[in-house]
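This is what each chain is made of:
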Amino acid sequence: MKLFVGLGNPGSKYARNRHNIGFMAVDRIADDHGFGPWKSKFQAEIAEGRLGGEKVLVIKPQTFMNRSGQSVGEAMRFYKLDSTDVTVFHDELDLAPGKVRVKAGGGHAGHNGLRSIHEHISPAYDRVRLGIGHPGRKEMVSPYVLGDFAKADSDWLDDVLRGVSDGAGHLADGEGGKFMNAVALRTAPPRSSKSPSEPAKPTAKPISQPESRPTPDDRSAMQRLLDKFK
């Protein structure tokens, strides 16, 4: 079994926050792949399904971001899973909006949700980093991540969520490269190599030659008569 964890804060107040893009990602996966109904367990909302060749438990901790690790650790221990069976979907300030990266292990880079998971299950778990961009100044980070996505973000956000859902089966099977390819097909589809056909050039009309005209005969009548009998 694999554990897919989406990070966010519970409640309608936070539903569209940039900080909740992890919740959005696992919601899309569960919806698109016919997961079972959501239930309350492990201080979280959970749903079960299959992705690729794996049984997957999707989990959205309801402990608020700073204590996400409590919920993740409880679910992991119940199912006797290792931390390497866990994949966490979270917002990433250090990636531009619309960018997605997969990472195994590493630091928490100040992300409070990841910091909590580190404390409860160790740093040895996989992450799907969902870029939201950086506001530019450190003091602006908190209001930025707790602010809603703008309407202008709708298109790229939908492409990212669709791509993550498309590749979820590969991710469950441990094929990170194929997962990233699925995301790229949504977020950066290849352009056709065929160039648009050039409009047909108009056929040049032949230049019309002036008609030849007979040379005027300025001979006298007598001269024409004499020339006739030469």
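Everything that follows concerns the structure shown earlier in this document.
Small disclaimer: the values here were computed from a predicted structure and weren't measured. (Residues numbered from 1 in each chain as written. Predicted model: local features only at pLDDT ≥ 70, side-chain atom pairs only at ≥ 80, totals over all residues. Heavy atoms only, no water.)

Considering the layout of surface pockets
Remark: the empty space left among the atoms is shown by a probe the size of a water molecule rolled over them. This is how the line gets drawn: Site definitions follow a grid-based scheme: protein atoms alone, a 1 Å grid, a 1.4 Å probe that fits but cannot get out for cavities, and for pockets an open set with protein on both sides within 12 Å along at least five of seven lines, plus lining residues having an atom within 4 Å of a point. Grid points are joined across faces, edges and corners, and a volume is the space filled by probe spheres set on the points. Runs of H or I in DSSP of at least four residues are treated as helices and runs of E of at least two as strands, each being numbered from the N terminus. Under the scheme applied, nonpolar residues are Ala, Val, Leu, Ile, Met, Phe, Trp, Tyr, Cys and Pro; charged residues are Asp, Glu, Lys and Arg; polar residues are all the others, including Gly.
Approximately 540 Å³ is the volume found for the largest pocket. The wall of the largest pocket is formed by 24 residues, among which His19, Leu93, Gly110, His111 and Asn112 lie closest to the centre. Of all the secondary-structure elements, those providing two or more residues to the lining of the largest pocket are β5 (86–92), α3 (112–121), β7 (126–131) and α4 (141–145). In the lining of the largest pocket, the residues fall into seven nonpolar, eleven polar and six charged.

Points about the pairing of strand β4 (residues 54–61)
Here is the rule: When a residue's accessible area, from a 1.4 Å probe over protein chains only, is under 20% of the maximum for its type it is buried; when over 50% it is exposed; and in between it is partly exposed. When DSSP finds at least two bridges between two strands, those strands are taken to pair.
Counting buried positions along β4 yields six of eight residues, so the element is predominantly enclosed. Strand direction decides the pairing type here: strand β1 (residues 2–6) and β4, joined by four bridges, are parallel. Opposite Phe4, over in β4, you have Val58 as the bridge partner. Linking strand β3 (residues 44–51) to β4, which pair antiparallel, is a turn of two residues; within it Gly52 sits at a positive phi near 60°.

A few points about the side chain of Ser116
For the record, the criterion: In protein, a polar contact means a hydrogen-donor-capable atom and an acceptor-capable atom, both N or O and within 3.5 Å, with residues adjacent in sequence counting only if both atoms are side-chain atoms; elsewhere, any N or O pair within 3.5 Å suffices. Here, residues are in contact when the closest pair of their heavy atoms is within 4.5 Å.
Its place among the elements puts Ser116 in helix α3. With a relative accessible area of 4%, Ser116 lands in the buried category. Of note is the side chain of Ser116, whose polar atom sits 2.8 Å from the backbone nitrogen of Gly69. Ser116 has contacts with Asn66, Arg67, Ser68, Gly69 and Gln70, leaving out every residue within four places of it along the chain.

Topic: helix α2 (residues 68–78)
All buried positions along α2 are accounted for by Ser68, Gly69, Ser71, Val72, Gly73, Ala75 and Met76. Where α2 is buried, its residues touch β1, β3, β4, β5 and α3. Residue Lys80 follows α2 closely and has a positive phi angle near 55°.

Section: the pattern of salt bridges
For clarity, the cut-off: Just to be clear on terms, a salt bridge is a Lys or Arg side-chain nitrogen sitting within 4 Å of an Asp or Glu carboxyl oxygen.
Scanning the entire structure with this criterion turns up ten salt bridges. Of the charged contacts, one joins Lys60 and Asp27 as a salt bridge, the two residues approaching to 2.8 Å between their closest N and O atoms. One end of the pair, Lys60, is in strand β4; the other, Asp27, is in helix α1 (residues 21–32), with 33 residues separating them in the sequence. When its relative accessible area of 25% is taken as the criterion, Asp27 is described as partly exposed. For Asp166, the salt bridge is made with Arg186, and the minimal N-O distance between the two is 2.6 Å. Of this pair, Asp166 sits in helix α5 (residues 154–166) while Arg186 sits in helix α7 (residues 176–187), and the two are 20 residues apart along the sequence. For Arg186, a relative accessible area of 34% gives the class partly exposed. Beyond isolated ion pairs, a larger network of salt bridges with shared partners links Asp27, Glu45 and Lys60.

A word on the packing of α5 against α7
Note the threshold: A fitted line through C-alpha atoms serves as each axis, taken over the contacting stretch for helices, and the angle formed by two N-to-C directions is quoted from 0 to 180°. With respect to orientation, any angle under 35 degrees is reported as roughly parallel, any angle over 145 as roughly antiparallel, any angle of 65 to 115 as roughly perpendicular, and every other angle as oblique. Two helices cross in a left-handed way if the nearer one is turned anticlockwise from the farther one by less than a right angle. They cross in a right-handed way if the turn is clockwise.
Put simply, α5 and α7 touch, their axes get as near as 8 Å, and they point 150° apart. If you check the angle between α5 and α7, you find them roughly antiparallel. In the packing of α5 onto α7, the handedness of the crossing is right-handed. The residues of α7 that touch α5, namely those facing Asp159, Val160, Arg162, Gly163, Val164 and Asp166, are Phe179, Ala182, Val183, Arg186 and Thr187. Counted by class, the contact of α5 with α7 contains five nonpolar, two polar and four charged residues.

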